[in-house]
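Close look at the chain arrangement
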Amino acid sequence: MSGASGRARDALDAAADRVLEASVLERIGIAMASTALALAIGLVIVAAAGHDPLRFASHLVVGSVGSERAIARTLRYSTMFVLTGVAVAVAFRAGVFNIGVQGQFVVGGFATVVTIVSLAPVLPDGGLGNVVLLLAGTLAAVVAGGLYAALPGVLKAYGGANEIITTIMLNFIAIGFVGWLVAGRFGDPEATATRTERLPDYVGLPSPLFDDPNLSIVGLLVMVGVVAGVAFVTARTRFGYDMVTSGYQESAASYSGVDAGRMIVSTMTFSGVVAGLAGAVFAIMIQGYYTDPSGVGNYGFDAIAVSLLAANHPVGVVPAGLLFGGLESAGSHVQINSDVPVQLIDGVVGLVVLFVAAPELFRMLARRTGLGGADR
Amino acid sequence: MSVGEYASRTEVRLGGLALAVAVAFTVLAVEFDVPLDRLFTAGFLSRSLEMATPIALAAVGGLYAEKSGVFNIGLEGFMIFGAFSAAATMYLLGGETPTQGHVWIAMVAAVAVTTLLTAAFAVLVIRYEADQIVAGLAVWFLGLGFAPFTAAVLWGSRSSPGLASIDPIAFGQSPLIPLAGLVVAAAWVILYRTRYGYWIQAAGENPEALDTAGVDVNRIRYATVLFSGAMAGLGGAVLLAHAGNFVGTGDTMVDGRGWIAIVAYLFGNYNPIGAAVAALLFGGLDMLNVQFQTVGIDVSARLVNLLPYVAVIVVLTAWGKTRMPDAVGEPYESEE
């Protein structure tokens, strides 16, 4: 018995390795070609709309890496894209489509702010209070995000409800419900805008390296730590192994004793935990309070594109997140310095996703142009 | 017939949903001491019908595509493109004071534009075997990005100025409601009563057999995907023709209706009439807000607006095991 299951595991190992690693180079090629093609189409559209595409292109470069401020802004956006992208990648890798990262991100960030604001009066001010509050706020985000993601997991595993649809619905619900709470019960009556109370002054992350008040080296370290942690869990632990095999080889995974239902729930929870953590970093590092979530930025949606561009690999998410952070950062620059409507960048993101979805297109292009190997 | 089989019948599902909605109404009415006849007015029915029309159109298109084996999850995006193209056409033809003729031309133009875009989507999904889920999501992103972008180029703002909405015909009803009714009825007849309808079903259930019988599977799939995009575009255009101006802020004026459309046909068990009834129930749920305000029930509009989404989750969970066609999501390649 143990011999048979050992052989089965070896076979599974080999299969999973092949699926995951064999075509890394090809995937990188497809990701780069997708991005280049999408950007090229973006430039054509800029020209068609009557603007100067070369000027726009130079705005993109200057706006993302052209100055220390631009770099800090790029890194700030990239931190969010990498964290939310990892959350998406974890689920996609296990064959579960978590489209609900935006909702989990919102719920997590809101939980952070509410926890910190309500605990602050009972704790001492200053350094110790700061650390305790940050930890408590992050814990709240992780729990909230995890639970909010576990729900569609449970509905899929035990109710058969399609997680693509339920997570999208839960996004709408999170945004509407948190918006209602921010406007009502948790709103700051003294603020003119719709938002919660601010976090106490002494709560925040230190920013010794950058002038940007909304970028902290701690935030970057958290990002790197999460990427490393998730990469380790998926590649080196039993849980990660089961998760990935049940994504690629469902029947084989259940043959080797993996409970498919439980796997779906724990995968979603894992993904939601990361999304909640991203929400905490956003709330603490960038916002300092919580606003109506319909205006916090579509990090969780763009994260889908980030993850796909990275072929759902937790480490690949870093360059993909940097690219998206750069685009978003360039967007802020474009908005101030040119007439080109910034929504174009969202459209380009859509094109990137569309092309990433169609690897055959690029294989054919490669064949036609003689760039690919003879076997493709 | 086992209980499970019985419960999967379209009539039973719809009856269940209708019952749940009715119970929710009654509880609310009793709780807030409001006579039911003030909630269920003729105006409520007409607003619900109007709300349901775009959803029903997109749902009928989506179910055709999925019946034939292609999950068009991009309905929301195609609706956005439809609504925007209609607004842009209306503006380019008639400026800020378009006539009724312009409204109709705008709807035709919107269908033409979305059909063209859908053709590109269909080629990617069918010819180049793109992942259907991912490509569909991409269509959504494209709509969310390019429609407001083009709006900003055209109007200097993500939303259009006030254009024109369609004039009502008899009983103050929009003529687009019976038009959608016709589309739904025709879709039902074609799917269940014609040879082409059986081919569509076979393309999704057993493409090999259809291929063996000498029918080109991918040709059928191209046709249904094009139809789904055209109907989603029409749905978006109808939405615009009812509203009278394009809103490109936030999730745009389409605001999740494409997603609700997918659920509507899942709920109607891929039956066009079932999908339309489900769309009507969702439309009614959506319009509860207005009813609550008129009878003076003080519930946050923001919360009531969430009801359709909650309903979708409840529905999917209670009847989650909708049997999808066997070959959905799988590209088909002929052996020859």
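Analysis parameters
Residues numbered from 1 in each chain as written. Chains lettered and ligands numbered in written order. Predicted model: local features only at pLDDT ≥ 70, side-chain atom pairs only at ≥ 80, totals over all residues. Heavy atoms only, no water. Helix = DSSP H or I, 4+ residues; strand = E, 2+ residues; numbered from the N terminus. Rg over C-alpha atoms; globule rule 2.2 N^0.38 Å. Buried < 20%, exposed > 50% of the residue type's maximum accessible area, 1.4 Å probe, protein only. Contact = heavy atoms within 4.5 Å. Areas by Shrake-Rupley, 256 points an atom, 1.4 Å probe, with all protein chains shown as cover. Lys, Arg positive; Asp, Glu negative; His and termini not counted. Charge placed at Lys NZ, Arg CZ, Asp CG, Glu CD. Polar contact = N/O pair within 3.5 Å; in protein donor to acceptor, adjacent residues only side chain to side chain. 1 Å grid on protein atoms, 1.4 Å probe; cavity = no way out; pocket = protein on both sides within 12 Å on 5 of 7 lines; lining within 4 Å. Points joined across faces, edges and corners; volume = space filled by probe spheres on them. Nonpolar A, V, L, I, M, F, W, Y, C, P; charged D, E, K, R; others polar. Axes fitted to C-alpha atoms, helices over the stretch in contact; angles between N-to-C directions. Parallel < 35°, antiparallel > 145°, perpendicular 65-115°, else oblique. Phe/Tyr/Trp six-rings, centres within 6.5 Å; stacked < 30°, edge-to-face > 60°. Lys NZ or Arg CZ within 6 Å of the ring centre and 35° of its normal. Left-handed = near helix turned anticlockwise from the far one by under 90°. Buried area = accessible area lost by both parts, 1.4 Å probe. Salt bridge = Lys/Arg side-chain N within 4 Å of Asp/Glu carboxyl O. Arc of directions from axis to C-beta. pLDDT = per-residue confidence, 0-100.

Quick notes on the overall build of chain B
Assigned secondary structure in chain B consists of 15 helices and zero strands. Its C-alpha atoms give chain B a radius of gyration of 20 Å, within 12% of the compact-globule value 20 Å for 336 residues. A principal-axis box enclosing the C-alpha atoms of chain B has dimensions of 65 × 55 × 35 Å. Relative to its 336 residues, chain B shows a buried fraction of 56%.

With respect to the overall build of chain A
What chain A contains, in helices and strands, is 15 helices and zero strands. The globule rule puts the C-alpha radius of gyration for 376 residues at 21 Å, and the 22 Å found for chain A is close to it. Taken along the three principal axes of its C-alpha coordinates, chain A extends 65 × 60 × 35 Å. Per-residue burial over chain A gives 55% buried out of 376 residues. Sequence-distant contacts, at least 24 apart, represent 77% of the contacts inside chain A between residues at least 6 apart. For chain A, the exposed surface amounts to about 15,800 Å²; the carbon and sulfur share of it is 63%. In chain A, 20 positive and 25 negative side-chain charges are present, and the distance between their average locations comes to 8 Å.

What about the side chain of Asn98(A)?
All names here are of chain A. Mapped onto the elements of the fold, Asn98 is located in the loop between helix H4 (68–93) and helix H5 (101–119). Relative accessible area serves as the criterion here: at 0%, Asn98 is assigned to the buried category. A polar contact of 2.9 Å, which involves the side chain of Asn98, links it to the backbone nitrogen of Gly100. Not counting residues up to four positions away in its chain, the partners in contact with Asn98 are Val88, Ala91, Phe92, Gln104, Thr167, Met268 and Ser271.

Quick word on empty space enclosed by the protein
Residues and elements named next belong to chain A. Per the stated rule, a full pass over the model turns up three cavities of 30 Å³ or more. The space that makes up the largest cavity amounts to roughly 50 Å³. Considering the residues around the largest cavity, the lining is formed by Leu39, Gly42, Leu43, Phe56, Leu60, Leu327, Ile345 and Val348. For the lining of the largest cavity, the secondary-structure elements that each account for two or more residues are helix H2 (24–48), helix H3 (53–65) and helix H14 (343–356). Among the elements that line the lining of the largest cavity, the one with the most residues is H2, at three residues. For the lining of the largest cavity, the residue count by class is seven nonpolar, one polar and no charged.

Details of the packing of helix H9 (residues 195–205) of chain B against helix H11 (residues 217–243) of chain B
Residues and elements named next belong to chain B. Taken N-terminus to C-terminus, the directions of H9 and H11 make an angle of 105°; their axes are 10 Å apart at the nearest point. With respect to H11, the axis of H9 lies roughly perpendicular. Mapping the contact onto sequence places Tyr196, Trp199, Ile200 and Ala203 in H9 and Val217, Ile220, Arg221, Ala223 and Thr224 in H11. A class-by-class count of the residues in the contact of H9 with H11 yields seven nonpolar, one polar and one charged.

Topic: the packing of aromatic side chains
Residue and element names in this part refer to chain A. On inspection of all chains with the given rule, the structure shows 24 aromatic pairs over all chains. With centroids separated by 5.3 Å and ring planes inclined at 50°, the aromatic side chains of Phe105 and Phe282 adopt a geometry described as tilted. Of this pair, Phe105 sits in helix H5 while Phe282 is found in helix H11 (residues 260–287), placing the two residues 177 residues apart along the sequence. A single burial state applies to Phe105 and to Phe282, both of which are buried. One aromatic cluster in this structure is built from Phe81, Phe105, Phe282, Tyr299 and Phe324. Above the face of the Phe186 ring, Arg185 is positioned so that its terminal group lies 4.7 Å from the ring centre.

Details of the environment of Glu190(A)
Among the secondary structure elements, Glu190(A) is positioned in the loop between helix H7 (163–183) and helix H8 (217–236). Counting along the chain gives 101 residues from Glu190(A) to Ala89(A), while the straight-line C-alpha distance between them is 40 Å.

Comments concerning the packing of helix H12 (residues 257–267) of chain B against helix H15 (residues 307–318) of chain B
All names here are of chain B. Put simply, H12 and H15 touch, their axes get as near as 11 Å, and they point 35° apart. Pair H12 / H15 crosses with left-handed handedness. For the pair H12 and H15, the contacting residues are Ile260, Val263, Leu266 and Phe267 in the first and Pro308, Tyr309, Val312, Val315 and Leu316 in the second. For the contact of H12 with H15, the residue count by class is nine nonpolar, no polar and no charged.

Details of the environment of Gly43(B)
In this fold, Gly43(B) is placed in helix H4 (residues 42–67). As a C-alpha pair, Gly43(B) and Gly172(B) span 129 residues in sequence and 9.7 Å in three-dimensional space.

As for the interface of chain A and chain B
Listed by partner, the interface residues are 43 residues for chain A and 42 residues for chain B. Both faces combined, the contact of chain A with chain B buries some 4,000 Å², and carbon together with sulfur accounts for 82% of it. Summed over the shared surface of chain A and chain B, the number is one salt bridge. Between Asp292(A) and Arg302(B) there is a salt bridge; the shortest N-O distance is 2.8 Å. At the junction of chain A and chain B, the tally comes to two residue pairs in polar contact (both at pLDDT 80 or more). For the side of chain A that touches chain B, the element with the highest residue contribution is H7(A), accounting for 13 residues. Considered class by class, the residues forming the side of chain A that touches chain B number 30 nonpolar, 10 polar and three charged.

Here we look at helix H15 (residues 359–369) of chain A
Given 3.6 residues to a turn, an α-helix orients residues that are three or four positions apart in the same direction. For H15(A), the set of buried residues is Leu361(A), Phe362(A) and Met364(A). Across the axial projection of H15(A), the buried residues extend over an arc of 160°, all falling on one side. In this structure, the buried side of H15(A) is in contact with H2 and H14 of chain A together with helix H6 (100–127) of chain B.

Considering H9(B)
Residue and element names in this part refer to chain B. For H9, the set of buried residues is Gly197, Ile200, Gln201, Ala203 and Gly204. Angular distribution of buried residues about the axis of H9 spans 155°; they occupy a single face of the element. Where the residues of H9 are buried, they touch H4, helix H8 (176–193), helix H10 (207–212) and H11.

Let's talk about the environment of Ala357(A)
Within the secondary structure, Ala357(A) sits in the loop between H14 and H15. Judged by its relative accessible area of 5%, Ala357(A) is buried. The spacing of Ala357(A) and Val65(A) is 292 residues in sequence and 28 Å in space, taken between C-alpha atoms. With near-sequence residues (within four places) excluded, Ala357(A) lies in contact with Ala130(B), Asp131(B), Val134(B) and Ala135(B).

Brief notes about the confidence of the model for chain B
Model confidence for chain B is summarised by a mean pLDDT of 88, while 93% of its residues fall at 70 or above. Overall fold confidence for the complex sits at a pTM of 0.87, while the interface term, ipTM, reaches 0.84.

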